[in-house]
Amino acid sequence: MSTPDFRPPGAEPAPAPAATPQPPPADAAAAPPPPPPTTTAPVPRPTPLARGTMSRRLVLRMTALVALVAIFLSTLTALAMRQILVSQLDSQLQATAARLVGQGAAQGHPPAGGGGPGQAQGLLYYVQGSGGFVQVEDIRGTLGSEVSEPLEALTASPDPTDVYLPRLGEYRVLTTQVGSSVIVTGLPMASITASMWAIIAAAAALTLLGILIAFVASRSVVERSLRPLARLATTATQVSALELGSGEVAVPVRVPDADADPRSEVGQVGIAFNHMLDNVEGALAARQRSETQVRQFVADASHELRTPLASIRGYAELTRRERGEAPPTTAHALTRIEAESERMSKLVEDLLLLARLDSGPALAAAATPLNQIVADAVSDARAAGPE
């Protein structure tokens, strides 16, 4: 411990010696250094169409919407085509029924003749109670009882109806009342069925192709539309990787002007993000200024307190030779003054050392080669005491 110079009455004051920083305690020197501040690892950007991403939901929803619309339109197209084909078949059926009735159906029996190339293939002509025929190529085949039974159950109607006939399939029939006879004229629906299956197959293929095109197009559109949002996420990731714990902090990263267009939703988010970064940067700068002022205040106060505390300790030590003559209370008070001044001096030195360390460069922990240190210590010991 250094003792300052003291002046007798009437002498000029002598400058106080600079105080030596107190060494740290042994247990503090042996303590391990504090761990470096940990930073949160940046979250990796999700891949396009990954599970849970907004791009995946948008693409799937757009594709599903296109698929529903395509299926709905295909169904309407198929139903409209069937109605058109059935209407054409009804017109053909009514013309055929009128021609056959004029060939002798009014007499209550089928028209005579062996058929011919002018007759429609699969033409069915039946007179209830008398029988009928079905046109097969150039031959009129007779109708069996299994076909006659459903035809006998029909009643006269101006509108054609559908009926299933055993061994013949689906037929479109027109039942007319001519005198006392009920005549059933029919044409097969096999051609309509075949056409409908072809239409359905084509519609299904076109629907699948449309869904595939919609998926590819929606994926491209969604990815292109979300690129500004991806760039915004990249900017946020870069900001999260900055060291903002202490020292002079600047946030040089900003959202580009192209992604800060107030006319779009993503641009509004970019503008808000830039405002947030400006506020954060201003707050960090204010914090740094406050820390600098506090550090400077501590250093100045510690430096200014060193001289008066050294004088107090010196005067207290100077009274040691006269404490035997002083009253016990006075001696005790002087002893306490000396002890407290020593404690205050240590506190001031610690504050000054802390201010100097805080204003200095950051300490970086690194590996130290102990073998070189031991070799140097042994060499120094040999040079100091060869024996």
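Residues numbered from 1 in each chain as written. Predicted model: local features only at pLDDT ≥ 70, side-chain atom pairs only at ≥ 80, totals over all residues. Heavy atoms only, no water.

Points about the nonpolar core
- In this structure, Leu89, Tyr125, Ile183, Leu187, Met189, Ile192 and Met196 are the most contacted members of the largest nonpolar core, which totals 19 residues.
- Elements represented by at least two residues in this core include exactly α2 (54–101), β1 (124–127), β5 (169–178), β6 (181–188) and α4 (190–225).
- Tallying contributions element by element places α2 first for this core, with seven residues.
- Not counting chain neighbours up to four residues away, the residues in contact with methionine 189 comprise Arg82, Val86, Leu89, Asp162, Glu170, Tyr171 and Arg172.
- Tyr126, Val163, Leu165 and Val184 belong to the second largest nonpolar core, which has twelve residues in total. (Core = buried A, V, L, I, M, F, W, Y, C linked by side-chain atoms within 4.5 Å. Buried < 20%, exposed > 50% of the residue type's maximum accessible area, 1.4 Å probe, protein only. Helix = DSSP H or I, 4+ residues; strand = E, 2+ residues; numbered from the N terminus. Contact = heavy atoms within 4.5 Å.)

A short note on the environment of histidine 303
- In this structure, histidine 303 sits in helix α6 (residues 265–318).
- In this structure, the C-alpha to C-alpha distance between histidine 303 and valine 348, residues 45 residues apart in sequence, is 7.9 Å.

Re the confidence of the model for the chain
- For the chain, per-residue confidence averages 76 on the pLDDT scale, and 77% of positions sit at 70 or higher.
- Highest mean pLDDT in the chain belongs to α4 (90); lowest belongs to helix α1 (residues 26–30) (37).
- Considering only residues more than four positions removed or in separate chains, one finds that residues 1–42, a stretch of pLDDT under 50, has 28 contacts.
- In the model, residues 113–117 has pLDDT below 50 throughout and makes eight contacts with residues more than four positions away in sequence or in other chains. (pLDDT = per-residue confidence, 0-100.)

As for the pattern of salt bridges
- Here the structure, examined in full by the defined rule, presents nine salt bridges.
- Measuring nitrogen to oxygen at the nearest pair gives 2.8 Å for the salt bridge that ties aspartate 90 to arginine 172. Taken together, the residues aspartate 90 in helix α2 and arginine 172 in strand β5 connect sequence positions 82 residues apart.
- With a shortest N-O distance of 2.7 Å, arginine 336 and glutamate 340 are connected by a salt bridge. Separated by four residues within a single helix, arginine 336 and glutamate 340 lie in helix α7 (residues 328–359), roughly one turn from each other.
- Residue classification places arginine 336 among the partly exposed residues on the basis of a relative accessible area of 41%.
- Residues participating in the shared-partner salt-bridge network are Arg82, Asp90, Asp162 and Arg172. (Salt bridge = Lys/Arg side-chain N within 4 Å of Asp/Glu carboxyl O.)

So, the pairing of strand β4 (residues 161–165)
- Examined bridge by bridge, β4 and β5 share five bridges and lie antiparallel to one another. In the strand pairing of β5, tyrosine 164 is matched with glutamate 170. (Pairing = 2+ DSSP bridges.)

Points about unusual backbone geometry
- Backbone geometry places arginine 167, a non-glycine residue, at a positive phi of 70°.
- Looking at the element boundaries, arginine 167 is found in the loop between β4 and β5.
- By relative accessible area, which is 76% here, arginine 167 ends up exposed.

Some details on the environment of aspartate 261
- Looking at the secondary structure, you find aspartate 261 in the loop between α5 (227–240) and α6.
- Sequence separation of aspartate 261 and isoleucine 271 is ten residues, and the distance between their C-alpha atoms is 7.6 Å.

A few points about a nonpolar patch on the surface
- A surface patch of nonpolar side chains, about 600 Å² in accessible area, is lined by Leu65, Val69, Phe72, Leu73, Leu76 and Leu79.
- Note that leucine 65 resides in helix α2.
- You can call leucine 65 exposed: its relative accessible area is 54%. (Patch = residues over 30% accessible without salt bridge, like charges linked within 9 Å, V, L, I, M, F, W, Y side chains within 5 Å. Areas by Shrake-Rupley, 256 points an atom, 1.4 Å probe, with all protein chains shown as cover.)

A few points about the environment of leucine 100
- Structurally, leucine 100 can be placed in helix α2.
- On the basis of relative accessible area, leucine 100 is assigned to the buried category, the value being 0%.
- Taking the C-alpha atoms as reference points, leucine 100 and isoleucine 183, separated by 83 residues in sequence, lie 9.8 Å from one another.

Regarding the pairing of β5
- With seven of ten residues buried, β5 is to be regarded as a mostly interior element.
- Sheet topology places β5 next to β6; eight bridges connect them, and they run antiparallel. Paired with tyrosine 171 across the two strands is proline 188, which belongs to β6.
- Where β5 folds back on β6, the antiparallel hairpin that results is connected by two residues, among which glycine 179 adopts a positive phi of roughly 65°.

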